[in-house]
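Okay, here's what each chain looks like letter by letter:
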Amino acid sequence: VCSSDLVVMDTFKLLDRAARVVDIRKPAVVFGLSAVTGLIAGLAGAGGIMMLAVYLKHACRDYISLRATAALIGTLLIFWRLMATVVAGLVDLQLVAEAVLLVPIVYLGVWVGSHYFRNMGAERYYNLFQALLLVSAIGLMVDGILKLL
């Protein structure tokens, strides 16, 4: 629930006020937030990416650097997960074939997203960003509640 709380706080601009008071780029703050995010993501099994996205929204100077930073971190995380699953022996030939077949669809999605991004201003980008975070947080909450039942 912590990541959804964070998303709701960001939606109502409560984090904007906190970011004005606390230097969120200070190494001690970054270390503390990273440790808490990692702990929560490790315990819950999800939510870390959302918490990171909310942090980046406030740490990056504009929506263009936010998008670039998120793309870089996403790529690094995907690479890390790929290496971990290969080392663990969880990747077989069928999975590789399915991934290769989906690559064109992924590139099509990247092209469409990049096209829309070029024609989108900061306010519209942040609104879409906020909506995606909120939908993801709601999905995590519903998934958690269903698992409890």
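Draft legend 1. The overall build of the protein chain, seen in detail. The secondary structure content of the protein chain amounts to seven helices and zero strands. Traced from its N-terminal end to its C-terminal end, the protein chain shows the element sequence α-α-α-α-α-α-α. Seen through its C-alpha atoms, the protein chain measures out along the principal axes to roughly 50 × 40 × 35 Å. When each of the 149 residues of the protein chain is scored for burial, the buried share is 19%. Long-range pairs, those at least 24 residues apart, make up 72% of the contacts in the protein chain between residues at least 6 apart in sequence.

Draft legend 2. Main features of the pattern of salt bridges. Applying the stated rule across the entire model yields one salt bridge. Here Asp143 makes a salt bridge to Lys147, at a shortest N to O gap of 3.3 Å. Here Asp143 pairs with Lys147, and both are found in helix H7 (residues 122–148), just four residues apart, close to one helical turn. Residue class for Asp143 comes out partly exposed when judged on its relative accessible area of 36%.

Draft legend 3. Region of the structure containing the side chain of Ser65. With respect to the helices, strands and loops of the structure, Ser65 is situated in helix H5 (residues 63–87). For Ser65, the side chain forms a polar contact with the main-chain nitrogen of Arg61, separated by 3.5 Å.

Draft legend 4. Expanded view of the environment of Val100. With respect to the helices and strands, the residue Val100 is situated in helix H6 (residues 93–118). Classification of Val100 by relative accessible area gives exposed; the value is 55%. Through-space distance from the C-alpha of Val100 to that of Ile145 is 35 Å; in sequence the pair is 45 residues apart.

Draft legend 5. Spatial organisation of H5. In this model H5 runs 36 Å from its N-terminal to its C-terminal C-alpha over 25 residues, within 8% of the 36 Å that 1.5 Å per residue would give. When we look at burial in H5, the residues that qualify are Tyr63, Ser65 and Leu66. The elements touched by buried residues of H5 are helix H4 (48–59), H6 and H7. Taking the backbone nitrogen of Ile64 as reference, a side-chain oxygen 3.2 Å away marks Asp62 as the first, capping residue of H5. Of the residues trailing H5, Gly89 is marked for its positive phi of about 75°.

Draft legend 6. Spatial organisation of the packing of H4 against H7. For the pair H4 and H7, the least separation of the axes is 11 Å and the interaxial angle reads 155°. Classified by the interaxial angle, the pair formed by H4 and H7 is roughly antiparallel. Between H4 and H7 the crossing geometry is left-handed. Side by side, H4 and H7 meet where Met50, Ala53, Val54 and Lys57 of the first sit next to Tyr126, Phe129, Gln130, Leu133, Ser136, Ala137 and Leu140 of the second. Along the lines of polarity and charge, the residues of the contact of H4 with H7 split into eight nonpolar, two polar and one charged.

Conventions we followed
- Residues numbered from 1 in each chain as written.
- Predicted model: local features only at pLDDT ≥ 70, side-chain atom pairs only at ≥ 80, totals over all residues.
- Heavy atoms only, no water.
- Helix = DSSP H or I, 4+ residues; strand = E, 2+ residues; numbered from the N terminus.
- Buried < 20%, exposed > 50% of the residue type's maximum accessible area, 1.4 Å probe, protein only.
- Contact = heavy atoms within 4.5 Å.
- Salt bridge = Lys/Arg side-chain N within 4 Å of Asp/Glu carboxyl O.
- Polar contact = N/O pair within 3.5 Å; in protein donor to acceptor, adjacent residues only side chain to side chain.
- Expected span 1.5 Å × (residues − 1).
- Axes fitted to C-alpha atoms, helices over the stretch in contact; angles between N-to-C directions.
- Parallel < 35°, antiparallel > 145°, perpendicular 65-115°, else oblique.
- Left-handed = near helix turned anticlockwise from the far one by under 90°.
- Nonpolar A, V, L, I, M, F, W, Y, C, P; charged D, E, K, R; others polar.

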